[in-house]
Amino acid sequence: MEDQEIIQDFLIESNQNLSRVEQEILALEERPGDGQILGSIFRSFHTVKGTCGFLGFGKLERITHQAENLLAELRDGKRQFTPVTASLILETLDTVQHELGAIEATGNESDDLHTQLLLKLQRALANEDAPPAPPATTEKRPAQAAVDESPVPGSGSDAKGEADGGDGDVVLSKSNTITDPTIRVDTRLVDRLINLVGELVLVRNQVLQSGVSGGKSEDKAIAHRLNLITTELQEGVMRSRMQPVGTIWNKLPRLVRDTASQLQKDIRLVTDGANTEMDRTILEAVKDPLTHILRNSCDHGLETPPVRLAAGKPAQGTVSLRAYHEGSQVVMEVEDDGRGIDPARLRSKAVEKGILTAAAANALSDRDAIYLVFHAGFSTAEKITNISGRGVGMDVVKKNIQSIGGQVELQSTVGTGTKVKIRIPLTLAIIPGLIVNSGNQTFVIPQSHLIELLRMQGEKQSAIEMSKEGALLRWRGTLVPLVDLNEALQLSSNAFDRGDVRNIAILEAEGATFGLVLDRIRATREIVVKPLGKQLKRMTWYAGATILGDGSVALILDVAGLARRERIASRGEASASTDTAGEGTIADKKQFLLFACGSYTRLSVPLALVDRLEKFPAAQLERMADSWVVQYRGALLRVVALAKVLGSGGEECMEQKHVQVIVVRRGEKAIGLAVDRIIDVQQGEVTAPSPTSASGLLATYVLNGVATELLDLASVLEVADPVWNQPRWMAKAEGAPILIGAHSQFMATSLRQYLELGGYPATVRGSGEELVKSMENGGFRAVVMEWPTTDSGSWMETLKARSESSGIPVFSVGEATGDAPPPWMSGLCPPHDCHSLLRMLELSWHEQPASSETGVSQ
Amino acid sequence: MTVVTFHVGSVLCGAEVDCVQEVLRHQELTPIPLAAAATPGLLHLRGQILTAIDLRSVFDLPARDSGTKPVCVIVRKGELAASLLADRIGEVVEVEPDAIEAPPTHWQGPMREYSRGVTDRSDQLLLLLDAMRILDIESSQDASQDEIN
């Protein structure tokens with residue numbers, strides 16, 4: 001057991017020492033003969049050698065011994081430091097690390113005897129005048145080293161003889177030396193400490209609150225001291241997670257060196273700011289992307305010496321690596337003085353690969369064009385080398401950086417070089433977050449995804465437009481999709497009366513920009529990110545949770561996950577798809593839920609009208625008169641057998657072991673329709689609808705080539721629940737009905753259905769003339785009319801005048817294919833999209849100056 | 001083996017005492033929007049956020065009366081931890097490994113899935129929870145809902 005521990009310690013320590021050696025050798029190449037560096041390298045090998053002897057790893061001992069001899073000669077000035085020597089030491093280093101890996105994996109050295117390397121080392125030693133080191137020196141050198149160079153950990157080789165004496169100090173003494181002020185701590189312990197400090201901060205907050213209200217001056221002083229100590233403790237513990245970026249830069253000089261020799265380039269790596277500290281988890285996450293960027297700079301960025309000379313540059317190319325703090329972020333820059341990125345070439349590449357159309361490519365500015373390198377599957381390297389250019393690269397880099405809340409920026413000038421700038425948060429454990437409310441719950445939005453906060457009141461809301469895809473916001477010259485958090489997370493929308501104010505957070509993630517509509521925006525705070533349990537891992541729209549000052553828990557939204565859930569395309573994708581020939585995108589089509597019920601084998605209902613699909617175990621349903629009830633989300637849900645309502649069957653569907661229920665909701669009120677089974681959700685358009693006389697059905701139409709029945713949900717609900725249509729708006733606003741102007745019966749009925757489902761009574765008028773006449777009589781709060789109209793005439797002018805004088809808004813519903821509706825009409829809402837229609841109407845009430853809902857306190 | 005028992009509806013459940021960290025009285029839960037009924041909320045326990053798993057919902061039992069508050073049985077095994085919501089806590093009992101039998105054949109679905117066996121208490125069957133399984137329960141809306149989204 002003890003041996004195991006000693007070996008473990010030996011491995012950790014050796015790896016630490018040796019990782020430093022690589023850098024030191026490279027530094028030595030710059031400054032040959034630097035005694036300090038040589039001494040340090042010597043010590044590292046010496047320690048490994050000593051411990052190997054003690055632990056009985058004979059082969060490693062032999063190799064390190066030879067290397068040590070070589071180094072001793074270098075240190076004592078008996079030998080010149082040449083690139084050949086450097087390579088030899090590096091090779092030895094690799095071998096030693098390889099062996100250490102073998103010991104870690106198997107507990108023993110590998111079978112490889114490394115005779116080649118040993119031979120090389122011996123030859124190198126023999127070649128020079130200096131005599132090959134006799135074994136006797138082994139005894140001498142450690143002693144010398146210990147004297148010269150201060151605390152070399154326990155003269156390992158001496159311990160060899162007394163290994164049986166079990167002198168564990170040989171290894172342990174290292175950590176006891178005074179000059180090494182660091183200790184190794186298990187990161188899990190640090191994480192636990194951070195958790196506990198977080199707890200302490202909460203307790204502190206509570207004490208401060210009660211201390212202030214208590215009022216005793218003594219208590220106040222104690223609370224104040226507790227406050228100071230806690231703050232300092234928190235800072236200290238947080239810092240213990242920090243590591244200098246230099247720890248991941250260690251490997252890079254070697255990488256550059258090897259890459260350069262492979263590519264026959266001459267490259268100098270300059271580093272600056274290796275001491276910049278940041279959270280070690282982030283550091284780990286940055287390592288691979290950084291390596292990739294650096295490789296790219298060496299491979300694609302820098303030219304070969306002849307090309308450079310021809311361009312009037314020094315033959316040696318320079319890559320500089322910088323790190324520094326900027327606010328609560330760490331910036332890392334990789335800059336080369338190579339050929340730069342040519343936007344023209346990227347444009348033509350993008351067109352060639354079919355990523356962009358020629359027109360779209362030409363429309364890109366030079367600055368934007370270079371960002372094409374982040375596009376998936378994009379590689380402009382003319383020849384594929386084994387270093388880079390396989391087409392997986394910069395897009396992955398960007399994704400990785402973004403996944404830890406960072407950003408990648410790119411600057412490049414043709415002929416002079418490229419600079420890649422990575423911005424990363426200092427720590428993942430504590431992030432600045434925006435605290436918001438929606439539907440009675442508190443959420444946190446990571447600040448790194450936040451672009452802007454908007455508060456729209458009154459007429460400013462005209463920036464919100466309705467489209468086929470839903471609500472859009474006109475923002476900085478572009479249209480961005482709007483997502484209401486209440487709807488996205490199915491929160492209760494009655495929890496908070498927004499009045500005529502819209503709070504919108506403009507968010508960006510993975511290239512997608514959208515506006516998130518929230519009930520309230522509260523404050524920005526530094527929050528401690530806590531992971532969610534594994535049970536919730538599939539809920540990708542949550543990034544974690546945090547504990548607020550009052551001890552309550554708030555979920556942290558994952559903006560990228562939310563965008564994916566809401567199917568918001570990234571801008572790049574969107575612009576690409578709109579350019580590809582006039583084929584309708586999927587989003588244009590409506591989704592229908594297909595199900596079987598009684599004698600109907602293929603019934604459908606627009607998915608937008610369905611709240612949820614649930615399967616209840618039959619045992620949970622209780623019979624009540626002509627229907628059933630089930631406990632559902634803290635309330636009783638009434639369930640009716642749809643087949644019975646439609647008169648197409650009995651209550652067979654209730655006899656299944658699990659009852660399939662379609663839940664329809666309006667505000668707080670919900671009802672369940674039990675059906676036989678759910679078939680599918682399909683996208684498609686309503687083609688060739690023909691009205692049907694069957695009760696509860698709206699029409700028969702063709703969906704994706706198959707005849708399908710469309711459910712008349714409004715009339716079904718009327719039968720199923722007589723109080724269903726008791727309108728919700730009655731409580732909220734004056735109850736004037738909405739006028740529907742539609743010439744086709746199908747459209748009129750579905751519009752009425754959607755409106756009544758939203759709680760608005762509606763009256764249908766068939767023609768334009770009738771519409772105008774009804775307007776004259778008044779008593780309506782809005783007009784919803786089918787667009788385009790088929791009956792032309794002067795009535796349109798009259799309608800316009802009436803609308804303007806009375807302030808009654810006129811909305812148009814129809815496909816946006818033909819002529820656009822005149823500007824005095826509000827928006828154009830796609831048909832069969834009841835959500836957009838209802839949202840549009842709801843927004844308009846808030847715009848009306850005489851609305852009874854103004855004056856709500858925020 | 002030593003088992004902590006608790007009541008969930010008509011079912012008597014038990015978990016090995018080794019993986020029961022503590023039992024708490026009712027705690028306020030933070031609801032998780034869009035989560036399945038089996039995972040109704042989050043719980044804050046000394047700096048850690050735990051998912052609450054409602055055993056009534058897991059076992060397809062009727063929901064608790066709105067007046068009664070569940071107790072929290074904090075269960076931890078390996079890397080996984082969660083708070084099981086039960087109606088009330090029972091007692092700590094010794095169960096002979098030999099006395100553990102396979103669940104009765106008429107138990108189907110979740111009762112079978114999340115138990116590692118049953119044992120006869122004087123008056124009732126004791127369902128021994130498979131802690132690893134129940135802690136690994138995944139919250140997602142049912143399959144049909146996934147199709148929609």
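None of these values were measured; they are calculated from a predicted model. (Residues numbered from 1 in each chain as written. Chains lettered and ligands numbered in written order. Predicted model: local features only at pLDDT ≥ 70, side-chain atom pairs only at ≥ 80, totals over all residues.)

Looking at the overall build of chain A
Okay, step 1: Per the secondary structure count, chain A includes 28 helices and 35 strands.
Okay, step 2: Taken across its 858 residues, chain A has 38% of its residues classed as buried.
Okay, step 3: Residue pairs at least 24 apart in sequence account for 65% of intrachain contacts in chain A once pairs closer than 6 positions are excluded. (Helix = DSSP H or I, 4+ residues; strand = E, 2+ residues; numbered from the N terminus. Buried ≥ 20, exposed ≤ 12 C-beta atoms within 10 Å, placed from the backbone. Contact = placed C-beta atoms within 7 Å.)

Concerning the sheet that holds strand β2 (residues 11-16) of chain B
Residues and elements named next belong to chain B.
Okay, step 1: Taken together, 5 strands build an open sheet; the order of strands is β9-β1-β2-β11-β10 and the sheet is mixed. The open sheet has two free edges, formed respectively by β9 (88-94) and β10 (115-120), since each of these has just one partner strand. Each neighbouring strand pair of the sheet contributes to a mean axis angle of 30°, computed without reference to strand direction.
Okay, step 2: Two strands pair when backbone bridges link them, and strand β1 (residues 2-8) and β2 are joined in this way by 6 bridges, in the antiparallel orientation. Looking at β2, one finds that Phe6 is bridged to Cys13. (Pairing = 2+ DSSP bridges. Axes fitted to C-alpha atoms, helices over the stretch in contact; angles between N-to-C directions.)

Focus: the sheet that holds strand β7 (residues 417-425) of chain A
Residue and element names in this part refer to chain A.
Okay, step 1: Strand order across the open sheet formed by 5 strands is β2-β4-β5-β7-β6, with mixed pairing between neighbours. The open sheet is flanked by β2 (267-272) and β6 (407-413), the only strands paired with a single partner. Each strand axis lies, on average, 15° off the axis of its neighbour in the sheet, ignoring direction.
Okay, step 2: Pairing of β2 with strand β4 (residues 317-326), which is carried by 6 bridges, proceeds in the parallel orientation. Directly across from Ile267, in β4, lies its bridge partner Gly317.
Okay, step 3: Where helix α13 (residues 280-301) meets the sheet, it contacts β2, β4, β5 (329-336) and β7, and its direction lies at approximately 175° from that of β7.
Okay, step 4: Helix α18 (residues 394-403) contacts β6 and β7 of the sheet and is inclined by roughly 140° relative to β6.

Digging into unusual backbone geometry
Okay, step 1: Here Gln264 of chain A, not a glycine, exhibits a phi torsion of approximately 55°, which is positive.
Okay, step 2: You can call Gln264 of chain A exposed: it has 9 C-beta atoms within 10 Å.
Okay, step 3: Of note, Leu34 of chain B is a non-glycine position whose phi angle comes to about 75°, a positive value.
Okay, step 4: Along the chain, Leu34 of chain B falls in the loop between β4 (30-31) and β5 (41-45).

Overview of the interface of chain A and chain B
Okay, step 1: The interface of chain A with chain B comprises 33 residues on the first partner and 34 residues on the second.
Okay, step 2: A breakdown of the residues in the side of chain A that touches chain B according to their chemical character gives 15 nonpolar, 11 polar and 7 charged. (Nonpolar A, V, L, I, M, F, W, Y, C, P; charged D, E, K, R; others polar.)

Details of the confidence of the model for chain B
Okay, step 1: Summary statistics for chain B give a mean pLDDT of 86 and a share of 93% for residues scoring 70 or more.
Okay, step 2: Of all helices and strands in chain B, the one with the weakest mean pLDDT is helix α4 (residues 143-148) of chain B (37), whereas β4 of chain B scores best (94). (pLDDT = per-residue confidence, 0-100.)

Side note on helix α12 (residues 251-263) of chain A
All names here are of chain A.
Okay, step 1: Its 13 residues give α12 an end-to-end C-alpha distance of 18 Å, which sits within 8% of 18 Å, the value for a rise of 1.5 Å per residue.
Okay, step 2: Those residues of α12 not exposed but buried are Leu252, Val256 and Thr259. Buried residues along α12 cover an arc of 70° about the axis, so they all sit on one side.
Okay, step 3: Where α12 is buried, its residues touch α11 (246-249), β2, α13 and β4. (Expected span 1.5 Å × (residues − 1). Arc of directions from axis to C-beta.)

Describing the packing of helix α3 (residues 58-75) of chain A against helix α5 (residues 115-127) of chain A
Residues and elements named next belong to chain A.
Okay, step 1: Where α3 contacts α5, the axes come no closer than 10 Å and their chain directions differ by 25°. The orientation of α3 with respect to α5, classified from their angle, is roughly parallel. Seen from above, α3 lies across α5 with left-handed handedness. Note on element contacts: α5 touches α3 through Leu117, Leu118, Leu121, Gln122, Ala124 and Leu125, opposite Arg62, Ile63, Gln66, Ala67, Asn69 and Leu70. (Parallel < 35°, antiparallel > 145°, perpendicular 65-115°, else oblique. Left-handed = near helix turned anticlockwise from the far one by under 90°.)

What about the pairing of β7 of chain A?
Residues and elements named next belong to chain A.
Okay, step 1: Judged from the 8 bridges that link them, β5 and β7 form a sheet pairing that is antiparallel. In the sheet register, Val334 faces β7, and the bridge partner there is Val420.
Okay, step 2: Of the strand pairs in this sheet, β6 and β7 are connected by 7 bridges, and their pairing is antiparallel. Within β7, the residue paired with Val408 across the bridge is Ile422.
Okay, step 3: Linkage of β6 to β7, two consecutive antiparallel strands, is achieved through a turn of 3 residues, within which Gly415 is found at a positive phi near 95°.

Concerning helix α26 (residues 768-777) of chain A
Residue and element names in this part refer to chain A.
Okay, step 1: Gly768, Leu771, Val772 and Met775 are the residues of α26 that are buried. Angular distribution of buried residues about the axis of α26 spans 95°; they occupy a single face of the element. Opposite the buried face of α26, at more than 90 degrees from it, the exposed residues are Glu776 and Asn777.
Okay, step 2: Elements that come into contact with the buried residues of α26 comprise β31 (738-741), β32 (762-765), β33 (782-786) and α27 (795-806).
Okay, step 3: Within two residues after α26, Gly778 carries a phi angle of roughly 75°, on the positive side.

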